[in-house]
Amino acid sequence: LLTDQDLTTGEGAHYTPSLVTVNSQEFVVGKTEMSVVAKWTVADVTGANFLVGFHEKNVFYLNFNDYNDLAAIGTNNTAGAIVTNGILAGNPTVTTLSTTPTANGVESEFIVKVDINGVATTICNDVEYPVYSSVGVPMVFTAGTVLVPFFEHTLITGKTAVGNISQFVAVPSLGWKE
């Protein structure tokens, strides 16, 4: 799926299962573990934000920072560096920026796992990156929270990033690789 929509800075798309019906792609913390995997390639890492993860089942928000509960990994900076975002119970987003960039034209695999106890783990290309709910506090979702997988892509520089997602899968386990 080509994720570029047009060349307008700040525009993009958010993909998630249906938010208003019961569907097989929602997960309840404390009842099942869950993971989502996305493989994404971009021609120009300086031109695109990309995030994949879980957020609470809710209405769609234009800005991911508006969700009450979220754990995500991707890139959301002009350096193309890997970043994680955590939101718990409507508190401010905790963004953790790594110094590791993604590479132009090279596929990256992004994974977010949530265990049965709500502990979130974020991984890119087999390297774990921390995701926090507040500064230095690991992200742990509250039992009973209903989560849905998502990915989003936003242009940040007004130039063609040419993002391409080749895989987007959510499963009720910590992954099919294990």
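All values derive from a computational prediction rather than experimental measurement.

Scoring rules and cut-offs
Here the residue index of a chain counts from 1 through its sequence in written order. In keeping with the model being predicted, local features are shown solely for residues with a pLDDT of at least 70 and side-chain atom pairs are shown and tallied solely at 80 or more, while totals for entire chains, interfaces and linings include all residues. Side-chain calculation: all heavy atoms of the structure are included, whereas hydrogens and water are not. Think of it this way: any DSSP run of H or I at least four residues long counts as a helix, any run of E at least two long counts as a strand, and we number them from the N terminus. To sort residues, take the accessible area from a 1.4 Å probe on protein chains only and compare it with the maximum for the residue type: under 20% means buried, over 50% means exposed, and anything in between is partly exposed. We call two residues contacting when some pair of their heavy atoms lies within 4.5 Å. The method behind every accessible area is Shrake-Rupley, applied with a 1.4 Å probe, and residues are considered shielded solely by the protein chains displayed. A strand pair is defined by DSSP finding two or more bridges across the two strands. In this analysis, the protein atoms alone were mapped onto a 1 Å grid. Cavities are point sets where a 1.4 Å probe fits without being able to get out; pockets are open sets with protein on both sides within 12 Å along at least five of seven lines; lining residues have an atom within 4 Å of a point. Grid points are joined across faces, edges and corners, and a volume is the space filled by probe spheres set on the points. Three residue categories are used. Nonpolar comprises Ala, Val, Leu, Ile, Met, Phe, Trp, Tyr, Cys and Pro, charged comprises Asp, Glu, Lys and Arg, and polar comprises the others, including Gly. Charge assignment: positive for Lys and Arg, negative for Asp and Glu; neither His nor the chain ends contribute. The term salt bridge refers to a pairing of a side-chain nitrogen on Lys or Arg with a carboxyl oxygen on Asp or Glu at a separation within 4 Å. Any pair of N or O atoms that falls within 3.5 Å is considered a polar contact. Within protein, one atom must be able to donate a hydrogen and the other to accept it, and sequence-neighbouring residues count only if both atoms are side-chain atoms. Helix axes are fitted only over the stretch in contact, all axes being lines through C-alpha atoms; the angle between N-to-C directions runs from 0 to 180 degrees.

### Examining the overall build of the chain
So, point 1. For the chain, the count of helices and strands is zero helices and 14 strands.
So, point 2. In sequence order, the chain lays out its α and β elements as β-β-β-β-β-β-β-β-β-β-β-β-β-β.
So, point 3. The proportion of buried residues among the 178 residues of the chain is 48%.
So, point 4. Expressed as a percentage of contacts within the chain between residues at least 6 apart in sequence, the contacts between residues at least 24 apart total 67%.
So, point 5. Accessible surface, the chain: about 7800 Å² in total, of which carbon and sulfur atoms supply 56%.

### Remarks on the pairing of strand β13 (residues 146-155)
The side chains of a regular strand alternate, first on one face of the sheet and then on the other.
So, point 1. For β13, the tally of buried residues reaches nine of ten residues, placing the bulk of the element in the interior.
So, point 2. Relative to β13, strand β2 (residues 27-28) is paired through two bridges, and the arrangement is antiparallel. Within β13, the residue paired with valine 28 across the bridge is valine 146.
So, point 3. With nine bridges connecting them, strand β4 (residues 48-56) and β13 associate as antiparallel partners. In the strand pairing of β13, leucine 51 is matched with glutamate 152.

### Section: the layout of surface pockets
So, point 1. In this structure, the largest pocket spans a volume of roughly 270 Å³.
So, point 2. If you go around the largest pocket, you meet 15 residues; those closest to its centre are Gly10, Leu62, Asn63, Glu152 and Thr154.
So, point 3. Of all elements in the fold, only β1 (12-15), β4 and β13 reach the threshold of two or more residues within the lining of the largest pocket.
So, point 4. Broken down by class, the residue content of the lining of the largest pocket amounts to six nonpolar, seven polar and two charged.

### A short note on the pairing of strand β7 (residues 94-101)
So, point 1. Taken together, the five bridges between strand β6 (residues 81-87) and β7 define a ladder with antiparallel strand orientation. Pairing of valine 83 across the sheet is with leucine 97, part of β7.
So, point 2. Linking β6 to β7, which pair antiparallel, is a turn of six residues; within it alanine 89 sits at a positive phi near 55 degrees.

### Looking at the side chain of glutamate 56
So, point 1. Along the polypeptide, glutamate 56 turns up in strand β4.
So, point 2. Buried within the structure, glutamate 56 lacks any salt-bridge partner; its nearest side chain of opposite charge belongs to lysine 57, at an N-O separation of 12 Å.
So, point 3. In terms of polar contacts, glutamate 56 uses its side chain to reach the backbone amide nitrogen of asparagine 68, at 3.1 Å.
So, point 4. A polar atom in the side chain of glutamate 56 sits 2.9 Å from the backbone nitrogen of aspartate 69.
So, point 5. For glutamate 56, the residues in contact, after removing those within four places along its chain, are Tyr61, Tyr67, Asn68, Asp69, Thr145, Val146, Leu147 and Val148.

### Regarding the sheet that holds strand β9 (residues 120-124)
Strand pairing in a sheet relies on backbone hydrogen bonds, with the paired strands running either antiparallel or parallel.
So, point 1. Sheet architecture is open: five strands sit in the order β10-β9-β8-β3-β14, paired in antiparallel fashion. A single partner strand is all that each edge strand has here, and the edge strands are β10 (127-129) and β14 (163-171). The average undirected angle you get between the axes of adjacent strands in this sheet is 20 degrees.
So, point 2. In this sheet, β14 lies alongside strand β3 (residues 34-42) in antiparallel orientation, the contact comprising eight bridges. Paired with threonine 41 across the bridge in β14 is asparagine 164.

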